[in-house]
Amino acid sequence: MPLHTGLGALNCYGRRTDADSDGEDAAGAGGEAGTSTGSWWGSGPPSRSASAQPQRRIWPPWPPPDESELERAVRLEEEREAKRISDAIDRALESERQALRPRRRDMKLLLLGQSESGKSTMLKNFQIQFAPSALRAESEAWRVVIQLNLVRTVNFILDVLTRPPTAAPAKAPTGDTSPTTSAFSNRLSATPQPNSDLRRFKLALSPLRQVEMILAKHLSVDDIAAASAHPNPIEGPSRELRATEVTIRGGRRWTALVRPNQKSEEQRTRYAEGRAEDIENARHVLDACRDDVIAMCTNQAILGALKEELHEGVVLEDHSSFFLSQATRVMQSTYEPTFDDILRARLQTTGVEEHHMIMETGEENGQHWIFYDVGGTRSQRASWVSFFDDVNAIIFLCSTAGYNEVLAEDRNVNRLMDSFTTWKTICSSKLLAAVQFIMLLNKTDLLEARLKAGIRFSKYVESYTGPDELESVTDYLRRKLAAIHRHHSPAPRKLHVHCTCAIDIDTTSAVLMRIRDTILVNHLAAIQLI
């Protein structure tokens, strides 16, 4: 039976009130039978005369005058059943009304930008701000990443200092002609007893080679060969030396691979061969090597040699320096990562990383937000188009510190100029005509440090004629990118630009709140709720 029919059947009845009951009692006492009173059941509601208008039936109906206990019980049960049906119809109608309202869709955000522009770091900031419990639940996995970052940095430094020199090696003063000692003593000829320092640290920290293999294996699973395809260290196109990245394939739930307390059969199988025990053993090895790593980082001979190497093209990433300075804490067997540690952890993904986040704070609590973190290298940008459909907003990150850098895949292209070109292409896309754009001028901390170090912005950007100061440079970048957006967008739309330092939780938090408000307001306007 249709719902409206059932509801109409009940609407033909009026509701009996106390006033009705009192009035009928009085009429029954003083009125004449068959004239002023009557009863549908025999007594109670007034009966209608030939000239009277039809009266609405009363619900629940009046009980008959000589009702037995059994009849009363049956009547009450029928009334309860009728009320149950009526309530069910009301609930069904309300469900239909709710279903006809505009449904709240999942929020989909696309993170775009060059490789190393800070997309993954910004995603972690979103988690810290809006889903902290979920990120905290992944701390076991991030601990493996952080400790692998640190171990690779230590091994990288030892490899750099002991690699054979590019020119013919000079003989060591001790007469030892091995590549390790000759190379090291060649760099540290002015340092007392460098060979003994080198041999001691190489021997004491040799277990870290095995630790690196164990941690890399548990992050990449069957992709161990891919993770170790390049020796440590690797040489870049401009003869820069840098440590290999911690690399995983996008689209895989890598955080589940290193949790020791898994419940599903598949997850238990992954640990059937003792992988959890391997990670635990690696933690104890790290703890045992902690004092030697601290000693190496404070050894004047090592620091002097490393400083010389840095001037000759060796690159020590910012996260590497940070975790070296925190070795006392990070290498403890009881170490638990902080949010600041997780932000600085370096993890490179190949392909697309789809991250689902359930909001835990504010009025959007319980909403489902989906972030697509796509690769930023030139070879991966062709895949961006497949994610342009059905996204609520695009967050484009531009590294402000890239003005004196070149692309790793093309040493003839300036990174900042490539960002301008990529931004122009994105703005021109007709597929994104109705999508909200948010521009983040990221890594302003590095920009400020380089400007203060005397690396002039105007030297690399010919169109810039202002002073080499942070405020002037960021203002230029705002105007430049806004002009590109205005001139190349298929239709007029508002652009929101923010300056960010992704590793600064406090300042980024305020920016993320504004970004959230912008996205939600535009989403509500799109579904015509405001």
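Since the model is a prediction, treat every value here as computed from it, not as a measurement. (Residues numbered from 1 in each chain as written. Predicted model: local features only at pLDDT ≥ 70, side-chain atom pairs only at ≥ 80, totals over all residues. Heavy atoms only, no water.)

Participant: Break down the pairing of strand β11 (residues 436-442) for me, citing the residues and quoting the values.
Facilitator: Counting buried positions along β11 gives seven out of seven residues, so the element sits mostly inside the fold. Here β11 shows two buried faces, one formed by Q436, I438, L440 and N442 and the other by F437, M439 and L441. Sheet topology note: the strand β10 (residues 393-399)/β11 ladder contains seven bridges and is parallel. Each bridged residue has a counterpart across the sheet, and for I395 the counterpart in β11 is I438. A crossover links β10 with its parallel partner β11, the connecting element being helix α17 (residues 415-428), and its sense is right-handed. One ladder, built from five bridges, connects β11 with strand β12 (residues 495-499); its direction is parallel. Bridge assignment links I438 to a residue of β12, and that residue is H496. (Buried < 20%, exposed > 50% of the residue type's maximum accessible area, 1.4 Å probe, protein only. Helix = DSSP H or I, 4+ residues; strand = E, 2+ residues; numbered from the N terminus. Pairing = 2+ DSSP bridges. Right-handed = clockwise from strand over helix to strand, strands pointing away.)

Participant: I'd like a rundown of the packing of aromatic side chains, residues and numbers included.
Facilitator: By the definition in use, this model includes twelve aromatic pairs. Considering the side-chain rings of F396 and W423, the 5.1 Å spacing of their centres and the 55° angle between planes classify their relative orientation as tilted. Here the residue F396 occupies a position in strand β10, and W423 occupies one in helix α17, the gap between them amounting to 27 residues. Here F396 matches W423 in class, with each residue buried. Between W423 and F437 the ring centres are 5.7 Å apart and the planes differ by 50°, which places this aromatic pair in the tilted class. With W423 in helix α17 and F437 in strand β11, the pair connects residues that are 14 residues apart, well separated along the chain. The pair W423 / F437 is uniform in exposure class, with both members buried. What links up through ring pairs into an aromatic cluster is the set Y403, F457, Y460, Y464 and Y476. A cation over a ring is seen here: R344 above F322, with NZ or CZ 4.2 Å from the ring centre. Sitting over the ring of F437, R493 keeps its end group 3.9 Å from the ring centre. (Phe/Tyr/Trp six-rings, centres within 6.5 Å; stacked < 30°, edge-to-face > 60°. Lys NZ or Arg CZ within 6 Å of the ring centre and 35° of its normal.)

Participant: Tell me about the pattern of salt bridges, and please be specific about residues and values.
Facilitator: The tally for this structure, following the rule as stated, stands at 25 salt bridges. Between E67 and R75 there is a salt bridge, with its nearest N and O atoms 2.6 Å apart. Taking relative accessible area as the criterion, R75 reaches 15% and is therefore assigned buried. R346 is the salt-bridge partner of E116, the closest N and O atoms lying 3.8 Å from each other. Here E116, found in the loop between β3 (107-113) and α4 (119-130), pairs with R346, found in the loop between α16 (339-344) and β7 (348-350); they are 230 residues apart in sequence, far enough to count as distant. The exposure class of R346 is partly exposed, given its relative accessible area of 21%. Taken together, the shared-partner salt bridges in this structure form one network comprising R378, R381, D410 and D418. (Salt bridge = Lys/Arg side-chain N within 4 Å of Asp/Glu carboxyl O.)

Participant: So what's going on with the packing of helix α6 (residues 139-162) against helix α13 (residues 300-311)? Which residues, and what values?
Facilitator: Contact pair α6 / α13: the axes reach a minimum separation of 10 Å and the direction vectors enclose 80°. Considered as vectors, α6 and α13 are oriented roughly perpendicular to each other. The segment α6 lies against α13, with I157, V160 and L161 engaging I302, A305, L306 and E309. Class assignment of the residues belonging to the contact of α6 with α13 gives a composition of six nonpolar, no polar and one charged. (Axes fitted to C-alpha atoms, helices over the stretch in contact; angles between N-to-C directions. Parallel < 35°, antiparallel > 145°, perpendicular 65-115°, else oblique. Contact = heavy atoms within 4.5 Å. Nonpolar A, V, L, I, M, F, W, Y, C, P; charged D, E, K, R; others polar.)

Participant: Please set out the nonpolar core residue by residue, giving values where relevant.
Facilitator: Membership of the largest hydrophobic core comes to 45 residues, with the highest contact counts inside it found for L150, V154, L205, L208 and M296. Looking at this core, the elements with two or more residues in it are α6, α9 (207-220), α12 (275-298), α13, α14 (318-325), α15 (327-330) and α16. For M296, the residues in contact, after removing those within four places along its chain, are V154, I157, L158, F201, L205 and I302. Residues C398, Y403, W423 and Y464 belong to the second largest nonpolar core, which totals 35 residues. (Core = buried A, V, L, I, M, F, W, Y, C linked by side-chain atoms within 4.5 Å.)

Participant: Before we move on, could you go through the environment of I503 and cite the residues and values that matter?
Facilitator: Within the secondary structure layout, I503 lies in the loop between β12 and α21 (505-526). Residue classification places I503 among the partly exposed positions, given a relative accessible area of 27%. Each C-alpha atom of the pair I503 and L343 lies 6.0 Å from the other, and the pair is 160 residues apart in sequence. In contact with I503, not counting residues within four places along its chain, are T121, D340, L343, R344 and D445.

In short, the description is geometric, and any link to function would need to be established separately.
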